[in-house]
Amino acid sequence: MKNFLKFLAVVILTIFTCACDSDKSVVLFNKHPFDAQTINDSVSNTNVFKSGERIYYLVTLPKPVETKLLLIQIYKIGGDKDERYGYELVWGKRVKLRDEQKYYFTDYVVLNKEGAYVIKVYSRDNPTQILTTGNFYIKN
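Quantities reported herein were computed from a predicted structural model and do not represent experimental measurements.

*Asks:* Got a minute to help me understand the sheet that holds strand β7 (residues 115-123) in this structure?
*Replies:* To summarise the sheet geometry, strands pair through backbone hydrogen bonds and adopt either a parallel or an antiparallel arrangement. The strand order across the open sheet built from 5 strands is β2-β8-β7-β4-β5, with neighbouring strands paired in mixed fashion. The open sheet is flanked by β2 (48-49) and β5 (87-96), the only strands paired with a single partner. Strand direction decides the pairing type here: β7 and strand β8 (residues 126-138), joined by 9 bridges, are antiparallel. What sits directly across from V121, in β8, is T132.

*Asks:* How should the packing of aromatic side chains be read in this particular structure?
*Replies:* Each aromatic ring pair is described using two quantities: the centre-to-centre distance and the angle formed by the ring planes. For the structure shown, the criterion picks out 8 aromatic pairs. Between Y75 and Y87, the aromatic rings sit 5.1 Å apart at their centres with planes inclined by 85°, giving edge-to-face as the arrangement. With Y75 in strand β4 (residues 69-77) and Y87 in strand β5, this residue pair connects regions lying 12 residues apart in the sequence. On the basis of relative accessibility, which here comes to 12%, the residue Y75 falls in the buried class. A ring pair is formed by Y117 and F136, whose centres lie 5.5 Å apart and whose planes are at 10°; its orientation type is stacked. Remark: F136 occurs in strand β8 and Y117 occurs in strand β7; sequence separation between them is 19 residues. One exposure class covers both Y117 and F136, and it is buried. Following the ring pairs from residue to residue traces out a cluster consisting of F29, F49, Y117 and F136.

Thresholds, definitions, all that
- Residues numbered from 1 in each chain as written.
- Predicted model: local features only at pLDDT ≥ 70, side-chain atom pairs only at ≥ 80, totals over all residues.
- Heavy atoms only, no water.
- Pairing = 2+ DSSP bridges.
- Helix = DSSP H or I, 4+ residues; strand = E, 2+ residues; numbered from the N terminus.
- Phe/Tyr/Trp six-rings, centres within 6.5 Å; stacked < 30°, edge-to-face > 60°.
- Buried < 20%, exposed > 50% of the residue type's maximum accessible area, 1.4 Å probe, protein only.

Structure below.
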């Protein structure tokens, strides 16, 4: 009886603590353009890049954006060596999604300065709420 109660408690805890929410946007990074082969390639899927290298990113959207407008911003985090002194906006882009891009957007950016970066994606439907963020690094 004790083993059954322990098993039942573990199952109930697992169900309630499981992070099964799939309605969140994510940002994926890659060294090559996204297609059927590169989206699952463990060698090119990375968030560490060299300066001057193309950084391909893919923003997934679980629900279509009504206005079909996104704002994508890249911030450089911290100073040169220590990443704790604020952040600086280094790149921004307003995007109009096409009809076939209801659930994703992909593009690339080239940055030349070493450091830690964060990409933030906003929707024009609710511009004060961040859809998703992703961190990446440029190292030589």
